[in-house]
Amino acid sequence: MSFAQEVQRIGAPVRRWARTQKREYTNGEERPLAGDLGAMGVYVGLVSAAAAAVRASGRELPERIPVGDALLLTVATFRLARRIAKDPVTAPIRAPFVRFEGQSGHAEVAEEVREHGGVKHAVGELLTCPFCLAQWVGTGFVFGYISAPAATRLAALTMTMIAGSDVLQFVYDAIQNGGLAPEDPKPDDQS
């Protein structure tokens, strides 16, 4: 028996099991389980490569990350993940995988995945989900912080400043539109 035939023989029950799991999980809906598995594989591969690079460089991992840096990286992760997932300017990154559906709040777009099932579906879901992207962005910031802390703090500061500016834009709009004005007290009924 050749090696290829042996792989086929061993792999057949695994493929049957995977098809059964997909059928029972999806309940007839198109879900990109294989694409999601691929995305997880890419993530694990990138994290493993980055960890190996850090180890090979001889850099020591920090015992602790100062609270200020942790907050800076957290806000930056939020802002960059949202920028990638929802900003009109980053639409060209998402365009091969999603379809524009309309506006979704101030300076954000609503998009839907173009293909259901498969890798393009999985990538489309990842690129339009700021919660999903935060895992990738946050991991990038952590490895950046380990490898080049000053440059990473500067990049994170930029994203944090943008997040702060976004908040101020909303506050300013609310003030302009009377959203923060005190309500006139209703006169008591004096009958």
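Nothing here was measured: the structure is a model prediction, and the numbers come from that model. (Residues numbered from 1 in each chain as written. Predicted model: local features only at pLDDT ≥ 70, side-chain atom pairs only at ≥ 80, totals over all residues. Heavy atoms only, no water.)

Lay out the overall build of the chain with the relevant residues and their values.
A tally of helices and strands in the chain yields 7 helices and 2 strands. Going from N to C terminus, the chain has its helices and strands arranged as α-α-α-α-β-β-α-α-α. Taking all 191 residues of the chain together, the buried fraction comes to 25%. In the chain, the proportion of contacts linking residues at least 24 apart, taken out of those at least 6 apart, comes to 57%. Accessible surface for the chain amounts to roughly 13400 Å². Of this, 62% is attributable to carbon and sulfur atoms. Across the chain, 20 positive and 21 negative side-chain charges occur, with their mean positions spaced 13 Å apart. (Helix = DSSP H or I, 4+ residues; strand = E, 2+ residues; numbered from the N terminus. Buried < 20%, exposed > 50% of the residue type's maximum accessible area, 1.4 Å probe, protein only. Contact = heavy atoms within 4.5 Å. Areas by Shrake-Rupley, 256 points an atom, 1.4 Å probe, with all protein chains shown as cover. Lys, Arg positive; Asp, Glu negative; His and termini not counted. Charge placed at Lys NZ, Arg CZ, Asp CG, Glu CD.)

Give me the packing of helix 3 (residues 67–86) against helix 6 (residues 130–147): which residues, what numbers.
Following both chains from N to C, one finds helix 3 and helix 6 inclined at 135 degrees, their axes separated by 8 Å at the closest point. When the interaxial angle is binned, helix 3 and helix 6 end up oblique. Crossing hand, helix 3 versus helix 6: right-handed. Between helix 3 and helix 6, the contacting residues are Asp69, Leu73, Ala76, Thr77, Leu80, Ala81, Arg82, Ile84, Ala85 and Lys86 on the first element and Pro130, Leu133, Ala134, Val137, Gly138, Phe141 and Tyr145 on the second. (Axes fitted to C-alpha atoms, helices over the stretch in contact; angles between N-to-C directions. Parallel < 35°, antiparallel > 145°, perpendicular 65-115°, else oblique. Left-handed = near helix turned anticlockwise from the far one by under 90°.)

Please give an account of the side chain of aspartate 69 that cites residues and values.
Residue position: aspartate 69 is located in helix 3. The contact partners of aspartate 69, leaving out residues within four places of it in the chain, are Tyr145 and Arg153.

Report on helix 5 (residues 118–127), specifying residues and quantitative values.
If you check which residues of helix 5 are buried, you get His121, Ala122, Gly124, Leu126 and Leu127. On its buried face, helix 5 is in contact with helix 2 (33–57), helix 3, helix 4 (91–94), strand 1 (98–103), strand 2 (109–113) and helix 6.

Lay out a positive patch on the surface with the relevant residues and their values.
A cluster of basic side chains, namely Arg15, Arg16, Arg19 and Arg23, defines a positive patch on the protein surface. Residue position: arginine 15 is located in helix 1 (residues 3–26). (Patch = residues over 30% accessible without salt bridge, like charges linked within 9 Å, V, L, I, M, F, W, Y side chains within 5 Å. Salt bridge = Lys/Arg side-chain N within 4 Å of Asp/Glu carboxyl O.)

For the pairing of strand 1, give the residues involved together with the corresponding values.
Of the pairings in the sheet, the one linking strand 1 to strand 2 comprises 5 bridges and is antiparallel in character. Residue pairing in the sheet places phenylalanine 100 in a bridge with glutamate 111 of strand 2. Counting the residues that bridge the hairpin from strand 1 to strand 2 gives 5 residues, and of these glycine 105 lies at a positive phi of roughly 90 degrees. (Pairing = 2+ DSSP bridges.)

Could you give an account of the layout of surface pockets, with specific residues and numbers?
Looking at the largest pocket, its volume works out to about 280 Å³. As for the largest pocket, its lining consists of 15 residues, of which Arg79, His106, Ala107, Asp166 and Phe170 are closest to the centre. At the level of elements, helix 3 and helix 7 (149–176) are the ones that each hand at least two residues to the lining of the largest pocket. Examining the composition of the lining of the largest pocket, we find that 6 residues originate from one element, helix 7, more than from any other. Taken together, the residues that form the lining of the largest pocket break down as 5 nonpolar, 2 polar and 8 charged. (1 Å grid on protein atoms, 1.4 Å probe; cavity = no way out; pocket = protein on both sides within 12 Å on 5 of 7 lines; lining within 4 Å. Points joined across faces, edges and corners; volume = space filled by probe spheres on them. Nonpolar A, V, L, I, M, F, W, Y, C, P; charged D, E, K, R; others polar.)

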